[in-house]
Amino acid sequence: MKLSVIIPAYNEELILGDTIRTVWDALNGMQDRGVFDDYEMIFVSDGSSDSTPEKLREAQNQYPQLRACIYEPNRGKGYAVRTGILASTGDLVLYTDCDLAYGTDVIEAAVKQMKDTGADVLIGSRAIHPEGYAGYTPLRKLASVMYLRILGIAAGFRLSDSQAGFKALRGAVGREIFAQCIIDRFAFDLEMLMRAQKAGCSVTELPVKIVNHRESSIHLLRDSTRMLRDIMKIKKALK
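The shown structure was predicted, so the numbers you read here are calculated from the model rather than taken from an experiment. (Residues numbered from 1 in each chain as written. Predicted model: local features only at pLDDT ≥ 70, side-chain atom pairs only at ≥ 80, totals over all residues. Heavy atoms only, no water.)

### Quick notes on unusual backbone geometry
Here comes step 1: The amide bond that connects glutamate 72 to the next residue, proline 73, takes the cis arrangement and shows omega of -5°.
Here comes step 2: By the secondary structure assignment, proline 73 is in the loop between strand E3 (66–71) and helix H3 (77–87).
Here comes step 3: In this structure, asparagine 11 takes a positive phi of about 55° despite not being glycine.
Here comes step 4: The phi dihedral of leucine 100 is positive, around 50°, even though this residue is not glycine.
Here comes step 5: By the secondary structure assignment, leucine 100 is in the loop between strand E4 (92–95) and helix H4 (105–117).
Here comes step 6: Take leucine 100: its relative accessible area is 6%, and that puts it in the buried class. (Helix = DSSP H or I, 4+ residues; strand = E, 2+ residues; numbered from the N terminus. Buried < 20%, exposed > 50% of the residue type's maximum accessible area, 1.4 Å probe, protein only.)

Dropping the structure here:
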């Protein structure tokens, strides 16, 4: 079995080198333990204006398993993830953030759960982890929970956490679903899940918690409005 790990990056020059080394070390260890037979790391520079593209080009010479997708201008995280998944060749594909917010142990846990359950899609969920919101301020936790509830009601989404930045899919399923996706930014995760739900895909949830905190860029009122607008667009496309 081959695993593809997709990591979108926008102006991540300060952490990119450490992230590549950390993921490479972790995946090599998993391969040695027989978690999978082969892997690839696909880093996608989403119109970065710093040295992220140059660092990725250099890293390809050092890490044979690394593939870089570089384009301009900035299109959004959804577009970046879609680009990486459509370029992937793995039997399983997963994506996570460049800051490795959920660590690397979740990669092995996700692969094992996908194997055990036979699910088509796996979503990381903070809501079902006892420490899923550890390190959040009370206000940020409240905002996050409210945000998810608003989106769930609007989209008719019944699982516990649509917005955690860690998800995995069967390779063929992921490439088929993302080839149909139209949302480049805020609601891309939700679009993928809504399309998977409509296609009858089986979904499993993996408890996750944030281990590397960065300041949230979510503005509850502004981003909820944008997300709701995207949800309407998705619903129209799915009819």
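From this point, the discussion proceeds with the structure in view.
### As for the pairing of strand E5 (residues 121–125)
Here comes step 1: Among the five residues that make up E5, five are buried, leaving the element largely enclosed by the rest of the structure.
Here comes step 2: What you see with E5 is no split at all: Val121, Ile123 and Ser125 on one side and Leu122 and Gly124 on the other are buried throughout.
Here comes step 3: Across three bridges, the pairing between E5 and strand E6 (residues 167–170) is antiparallel. Considered in E6, the bridge of valine 121 is made with leucine 169. (Pairing = 2+ DSSP bridges.)

### Here we look at the side chain of glutamate 40
Here comes step 1: Relative to the elements of secondary structure, glutamate 40 occurs in strand E2 (residues 38–46).
Here comes step 2: Overall, the relative accessible area of 4% leaves glutamate 40 in the buried class.
Here comes step 3: Within the structure, the side chain of glutamate 40 is placed 2.8 Å from the backbone nitrogen of threonine 89, a separation counted as a polar contact.
Here comes step 4: The residues touching glutamate 40, leaving out its near neighbours within four places in the chain, are Lys2, Leu3, Ser4, Val5, Gln65, Arg67, Ser88, Thr89 and Gly90. (Polar contact = N/O pair within 3.5 Å; in protein donor to acceptor, adjacent residues only side chain to side chain. Contact = heavy atoms within 4.5 Å.)

### Side note on the pattern of salt bridges
Here comes step 1: Taken as a whole, this structure holds 10 salt bridges when the rule is applied.
Here comes step 2: Note that lysine 2 is salt-bridged to glutamate 40, the shortest N-O span being 3.7 Å. Of this pair, lysine 2 sits in strand E1 (residues 2–9) while glutamate 40 sits in strand E2; the two residues are 38 residues apart in sequence, bridging distant segments of the chain.
Here comes step 3: Here aspartate 18 ties to arginine 21 by a salt bridge, and the two come within 2.5 Å at their closest N and O atoms. Here aspartate 18 and its partner arginine 21 are both found in helix H1 (residues 16–32), three residues apart, which amounts to about one turn of the helix. (Salt bridge = Lys/Arg side-chain N within 4 Å of Asp/Glu carboxyl O.)

### Quick look at the pairing of E4
Here comes step 1: Burial along E4 is two-sided: the residues Leu92 and Leu94 and Val93 and Tyr95 are all buried.
Here comes step 2: Relative to E4, E1 runs parallel, the two being bridged by four bridges. By the bridge assignment, valine 5 is partnered in E4 with leucine 94.
Here comes step 3: Pairing of E4 with E6, which is carried by four bridges, proceeds in the antiparallel orientation. By the bridge assignment, valine 93 is partnered in E6 with leucine 169.

### A look at helix H7 (residues 188–198)
Here comes step 1: Burial within H7 is extensive, with nine of its 11 residues counted as buried.
Here comes step 2: Residues of H7 that are buried: Phe188, Asp189, Leu190, Glu191, Met192, Leu193, Met194, Arg195 and Ala196.
Here comes step 3: Where H7 terminates, the next one or two residues include glycine 200, which has phi positive at roughly 80°.

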